[in-house]
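Chain by chain, the residues run as shown.
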Amino acid sequence: MKYFIRRVLYAIPVLILVSLLIFIMTRIMPGDPARMYAGEQAPESTVEQIREEMGLNKSLPEQFVIYMSDLLRGDFGYAWHTEHEVIDDFAARFPATLELAICSLLLAVVIGVPLGILSATHKNSIVDHFSRLFSLAGASMPVFWLGLMLVLVFYVKLGISPAPMGRIGNGLNDPTHITGLFILDSMLTGDTAALKSSLSQIALPAVTLSLASMAIITRMTRSSMLEVLGLDYVRTARAKGLKERVVIYRHAFSNTLIPLLTVLGSQFGLLLGYTVVVETIFAWPGIGSYVTDSILITDYAPIQAFALLSAVLYLVINLVLDLLYTVVDPRVKYE
Amino acid sequence: MAERLLEVKGLCTEFKTLNGSVRAVNGVDFYLNKGETLGIVGESGCGKSVTSLSIMQLLPKGIGKVVEGEILFDGEDLLRMPEKKLLTIRGKDISMIFQEPMTSLNPVFKIGKQLSEVLRYHMKMDKKQAWEKSIELLKSVGISRPEMIVNDYPHQLSGGMLQRVMIAMGLSCNPKVLIADEPTTALDVTIQAQILELMMELKRNYDTAILLITHNLGVVAEVCDRVLVMYAGYVVEEADVNTLFDHPCHPYTQGLLKCMPKVDETRERLDMIEGTVPSPYAMPQGCRFAPRCPKRMPQCDTEKPELYDLGNGHKCRCLLYREGDQ
């Protein structure tokens, strides 16, 4: 508990620093938000008036103080390009991103972990060669290229996949809003048409987003399994006469959870970054595509909010993982 | 005649290395009777641990392999037994304890879980029975507060305690054979004595045959009935323990015994055997001990000695004892 409080306290300076950095970075970005909003033809006086409304005529330190004090009051600012409060936009779009992230991470774990284990237990076999090739390819393919290729093959050429346009097929209504996650909501309401459509809509973006993580998880699982399989206590487990399956999954795998959790934590950060690209390719109405739009028209508030939210999520996930270490490994204890 | 439990015939084990195959164990024969303690001694790399791992078939997969020979347990060859049947013997009828107690237990499971796992699997006990039996077992190997220790994790116990746990685990299904691979090497001397004492006591109580792998002749003298001396993958001498210590025949055994300090002697330096164990890639043509042997004869470099029978179960692999040469 003491450890938990300390960690939360440590997060405060980190977040202040992050907000300062984001603030500076948005201001360095080329482009004038007021001009973008007013339009190219607008007279200078109008632009000046808008600039005043946006509070951009004040000095940078002044702007930062206003930004921080707004943050403390829970005000994330106003998105000029959508004409909504940023927080409302986020609330509307976050479930889409969450659904995509969960599906990708799930895919990465469900395929990556068993593949890594198989690869380690069948070292230098065909399976192992395939998995190593796969993880090398997965880790080296750029996400934007992979996304476009998948669309080209599965939508354009083969026609198995629906058009890469959002979360649900044309002509279908969104499932009744319960959690905002379409797959879950359509299951809860028994809306099979929506379920089918949202599953086929999410397939390609989820695969695109997960491949890099899957590759890294596979490699990591393989290498830590190989290490553990050579250890004395695995030999002891075999000497007890336990079945090979029990030796591998109970005795060896449970000892690879720590490095695996660590990788999962860092993959989450990567995933957040990649959503920006993937959501843009697949017109996915999540936070990633929202931020892309904001960057293109230099709308400061959403960009700042996205970066801050990412930082908070990252901190929270890593704290949860650190606490989980104590569950998976009795040797880990925090004072 | 005593009942033969385990009989190893012509065991050859090879290891794959980057420079080709290496034969770590070369035609080893021995037997183990019911209730007997057989010691296998030798330097590091002589093949004693590999012999024990070959019996249990725990050689590292894809690297070590038994290429020849038979390992008969209760008349059945373990090497040609289906995996499923082998699993019912391994850990139940033949169990094994290892050199490093600190790394031989799984760090993420409670002691009680690791003990009861064997009981549940081999003795078909339910969770509660197995847990209670684990506490009982810990008590029998001299662990105090066993009902608390079952809830501990390996890192919370000392090396000596862990080796006791390993012994408890090894003996949990009343095995007919216990293979102990250097069970005391990693422990300090006072604990070593306790562990040996414990093993002997358990042997008396359960009539378990023990195969004790060690490089410590003191340990052999204390607990073994018979001894095999191994050198470079071969058995070089086999005898009962008194014969071996009183009348060692092989120059290697004689050398080993000379290396031991004695209480009634005042010597500045201990004797030693000149030279080192030959590299597995460059084994001598004739007798493998010849390059280091103080009694080396010209024919030792060219002729391979057999294991010559000297009577009363005493055997020695040295040309000095070949009939007609003496």
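No experiment lies behind these values; they were computed from the predicted model shown.

(A) Spotlight on the overall build of chain B. Of regular secondary structure, chain B possesses eleven helices and twelve strands. Taken against the 2.2 N^0.38 rule, which gives 20 Å for 326 residues, the C-alpha radius of gyration of chain B at 21 Å falls within 12% of a compact globule. Principal-axis analysis of the C-alpha atoms places the extent of chain B at approximately 65 × 50 × 45 Å. For chain B, with 326 residues in total, the buried portion stands at 53%. Excluding contacts between residues fewer than 6 apart, the proportion of contacts in chain B whose partners are at least 24 apart in sequence is 62%.

(B) Summary view of the pairing of strand β2 (residues 20–33) of chain B. Residues and elements named next belong to chain B. With eleven bridges connecting them, strand β1 (residues 4–17) and β2 associate as antiparallel partners. Paired with E14 across the strands is R23, a residue of β2. Here β1 hands over to β2 after two residues, the two strands then running antiparallel side by side.

(C) Seen up close, the sheet that holds strand β4 (residues 64–73) of chain B. Residue and element names in this part refer to chain B. Reading across from one edge, β2-β1-β4-β5 is the order of the four strands in this open sheet, with antiparallel pairing throughout. Two strands bound the open sheet, and with one partner strand each, they are β2 and β5 (76–77). Lying on the sheet, helix α1 (residues 48–56) is in contact with β1, β2 and β4; it crosses β1 at an angle near 110 degrees.

(D) Representation of the nonpolar core in the model. Counting 101 residues, the largest nonpolar core has F30(B), I55(B), L78(B), L138(B), I167(B), M199(B) and L211(B) as its most contacted members. Looking at this core, the element that brings in the most residues is helix α7 (residues 159–171) of chain B, giving seven residues. Within the second largest apolar cluster, 40 residues are counted, among which are I202(A), M225(A), V228(A) and L271(A).

(E) Structural detail: the interface of chain B and chain A. The interface of chain B with chain A comprises 26 residues on the first partner and 20 residues on the second. Carbon and sulfur atoms make up 60% of the surface buried where chain B meets chain A, a total of about 2100 Å² over both sides. A per-residue breakdown of the area chain B buries against chain A is headed by P107(B), V108(B) and E117(B), which together make up 24% of the total. One can count three salt bridges joining chain B with chain A. The salt bridge involving R250(A) is made with E117(B); its shortest N-O contact spans 2.5 Å. Where chain B touches chain A, the interface holds 14 residue pairs in polar contact (both at pLDDT 80 or more). Within the residue set of the side of chain B that touches chain A, elements represented by two or more residues are α1, α3 (101–104), α4 (111–122) and α7 of chain B. Sort the elements by how many residues they give to the side of chain B that touches chain A and α4(B) lands first, with six residues. Grouping the constituent residues of the side of chain B that touches chain A by class yields 14 nonpolar, seven polar and five charged.

(F) Highlighting the packing of helix α5 (residues 86–121) of chain A against helix α14 (residues 300–328) of chain A. Residue and element names in this part refer to chain A. The N-to-C vectors of α5 and α14 enclose an angle of 55 degrees; their axes lie 10 Å apart at closest approach. Taken together, the axes of α5 and α14 lie oblique to each other. Between α5 and α14 lies a crossing of right-handed hand. Together, V86, F90 and F94 of α5 and A301, P302, A305, F306, L309 and L313 of α14 make up the contact between the two elements. Split into classes, the residues belonging to the contact of α5 with α14 amount to nine nonpolar, no polar and no charged.

(G) Structural detail: helix α9 (residues 192–229) of chain A. An ideal rise of 1.5 Å per residue puts 56 Å on 38 residues; α9(A) reaches only 45 Å between its terminal C-alpha atoms. Considering bend angle alone, the principal kink of α9(A) is centred on S210(A) and spans about 40 degrees.

(H) The arrangement of the domain arrangement of chain A in detail. Residue and element names in this part refer to chain A. In terms of domain boundaries, chain A breaks down into domain 1 (2–85) and domain 2 (91–328). For domain 1 and domain 2, the distance between their C-alpha centroids amounts to 32 Å. Contacts between the two partners involve 29 residues from domain 1, matched on the other side by 23 residues from domain 2. Across the domain 1 to domain 2 interface the summed buried area is about 2100 Å²; carbon plus sulfur atoms make up 73%. The tally of links between domain 1 and domain 2 comes to one salt bridge. When the shortest N-O distance is used, the salt bridge between D322 and R7 registers 2.4 Å. At the boundary of domain 1 with domain 2, the tally comes to three residue pairs in polar contact (both at pLDDT 80 or more). At the level of elements, α1 (2–28), α2 (33–38), α4 (60–72) and β1 (78–79) are the ones that each hand at least two residues to the side of domain 1 that touches domain 2. Broken down by element, the residue count for the side of domain 1 that touches domain 2 peaks at 13 residues, all from α1.

(I) Spotlight on the packing of helix α7 (residues 143–157) of chain A against α9(A). Residue and element names in this part refer to chain A. Remark: α7 packs on α9, axes separated minimally by 9 Å, with the N-to-C direction vectors making an angle of 145 degrees. Where α7 crosses over α9, the two elements pack in a sense that is right-handed. Where α7 approaches α9, its residues V143, L146, G147, L150, V151 and F154 are matched on the opposing element by L204, V207, T208 and L211. Residues of the contact of α7 with α9, tallied by class, amount to eight nonpolar, two polar and no charged.

(J) Region of the structure containing the confidence of the model for chain B. All names here are of chain B. Of all residues in chain B, 99% have pLDDT values of 70 or greater, and the mean over the chain is 87. Of all helices and strands in chain B, the one with the weakest mean pLDDT is helix α8 (residues 189–206) (84), whereas strand β3 (residues 37–41) scores best (93). This prediction of the complex comes with two scores: 0.82 for pTM and 0.86 for ipTM.

(K) Quick look at unusual backbone geometry. Despite not being glycine, D74(B) shows a phi value in the positive range, around 50 degrees. With respect to the element layout, D74(B) can be found in the loop between β4 and β5.

(L) Structural detail: the packing of aromatic side chains. In this structure the tally under the stated criterion is eight aromatic pairs over all chains. Three or more aromatic residues joined by ring pairs form one cluster here, namely F23(A), F64(A) and Y67(A). Stacked on the ring of F109(B), the Lys or Arg K113(B) has its end atom at 4.6 Å from the ring centre.

(M) Region of the structure containing the pattern of salt bridges. Tallied over the full model, the rule gives 28 salt bridges over all chains. A salt bridge links E48(A) to R51(A), with the shortest nitrogen-to-oxygen separation between them at 3.0 Å. Residue E48(A) and its partner R51(A) are located together in helix α3 (residues 44–54), separated by three residues, close to a single helical turn. Look at E48(A) and you get partly exposed, because its relative accessible area is 32%. Residue D225(B) pairs with K203(B) through a salt bridge whose shortest N-O separation is 3.6 Å. In this pair, D225(B) sits in the loop between α9 (217–223) and β9 (226–231) while K203(B) sits in helix α8, placing the two residues 22 residues apart along the sequence. We classify D225(B) as partly exposed; its relative accessible area is 32%. Put simply, D128(A), R132(A) and R222(A) are held in one network by salt bridges that share partners.

Thresholds applied
- Residues numbered from 1 in each chain as written.
- Chains lettered and ligands numbered in written order.
- Predicted model: local features only at pLDDT ≥ 70, side-chain atom pairs only at ≥ 80, totals over all residues.
- Heavy atoms only, no water.
- Helix = DSSP H or I, 4+ residues; strand = E, 2+ residues; numbered from the N terminus.
- Rg over C-alpha atoms; globule rule 2.2 N^0.38 Å.
- Buried < 20%, exposed > 50% of the residue type's maximum accessible area, 1.4 Å probe, protein only.
- Contact = heavy atoms within 4.5 Å.
- Pairing = 2+ DSSP bridges.
- Axes fitted to C-alpha atoms, helices over the stretch in contact; angles between N-to-C directions.
- Core = buried A, V, L, I, M, F, W, Y, C linked by side-chain atoms within 4.5 Å.
- Buried area = accessible area lost by both parts, 1.4 Å probe.
- Salt bridge = Lys/Arg side-chain N within 4 Å of Asp/Glu carboxyl O.
- Polar contact = N/O pair within 3.5 Å; in protein donor to acceptor, adjacent residues only side chain to side chain.
- Nonpolar A, V, L, I, M, F, W, Y, C, P; charged D, E, K, R; others polar.
- Parallel < 35°, antiparallel > 145°, perpendicular 65-115°, else oblique.
- Left-handed = near helix turned anticlockwise from the far one by under 90°.
- Expected span 1.5 Å × (residues − 1).
- Bend = angle between axes of the 7 residues up to and from the residue.
- Domains from an automatic or database assignment.
- pLDDT = per-residue confidence, 0-100.
- Phe/Tyr/Trp six-rings, centres within 6.5 Å; stacked < 30°, edge-to-face > 60°.
- Lys NZ or Arg CZ within 6 Å of the ring centre and 35° of its normal.

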